[in-house]
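The primary structure of each chain is shown beneath.
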Amino acid sequence: MSDITVIYKDGKQETFEDKGAPGGSYSNRVKYEGGFAIIKDAYGKVTSIPAERIARVIHETARRGF
């Protein structure tokens, strides 16, 4: 599982919960590019947040047990 929490400079926070996807090791991903934090979920939904609004990003990962 891979949950991503974005804490904004105004104190609000938004959590992108990893809901998983069937068929493999799909999980949430975050990358930083061109002044944006880009979050992509296991189903391909992409959210871009301007870095100037962000105070902190927390990316929690846990290995899946088989």
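In short, a report on the structure.

Reading guide: rules and limits
- Residues numbered from 1 in each chain as written.
- Predicted model: local features only at pLDDT ≥ 70, side-chain atom pairs only at ≥ 80, totals over all residues.
- Heavy atoms only, no water.
- Pairing = 2+ DSSP bridges.
- Helix = DSSP H or I, 4+ residues; strand = E, 2+ residues; numbered from the N terminus.
- Core = buried A, V, L, I, M, F, W, Y, C linked by side-chain atoms within 4.5 Å.
- Buried < 20%, exposed > 50% of the residue type's maximum accessible area, 1.4 Å probe, protein only.
- Contact = heavy atoms within 4.5 Å.
- Axes fitted to C-alpha atoms, helices over the stretch in contact; angles between N-to-C directions.

Across five bridges, strand 4 (residues 36–40) lies against strand 5 (residues 46–50) in antiparallel orientation. By the bridge assignment for strand 5, isoleucine 39 is matched with threonine 47. A loop of five residues connects strand 4 with strand 5, the two strands running antiparallel in sequence, and glycine 44 in this loop sits at a positive phi of about 100°.

Moving on to the nonpolar core. The biggest cluster of nonpolar side chains holds nine residues, and these are Ile4, Val6, Tyr8, Phe16, Val30, Ala37, Ile39, Ile49 and Ile54. The set of elements that each furnish at least two residues to this core consists of strand 1 (2–8) and strand 4. At three residues, the largest contribution of residues to this core is made by strand 1. What valine 6 contacts, discounting residues up to four positions off in sequence, is Lys12, Gln13, Glu14, Phe16, Ile39, Ile49, Ile54 and Arg56.

Working definition: the strands of a sheet are paired by backbone hydrogen bonds and lie parallel or antiparallel to each other. Reading across from one edge, 3-4-5 is the order of the three strands in this open sheet, with antiparallel pairing throughout. With one partner strand each, in any of the chains shown, strand 3 (29–33) and strand 5 form the two edges of the open sheet. The sheet shows a mean angle of 20° between the axes of neighbouring strands, taken without regard to direction. Two strands pair when backbone bridges link them, and strand 3 and strand 4 are joined in this way by five bridges, in the antiparallel orientation. For valine 30, the partnering residue across the bridge sits in strand 4 and is isoleucine 39.

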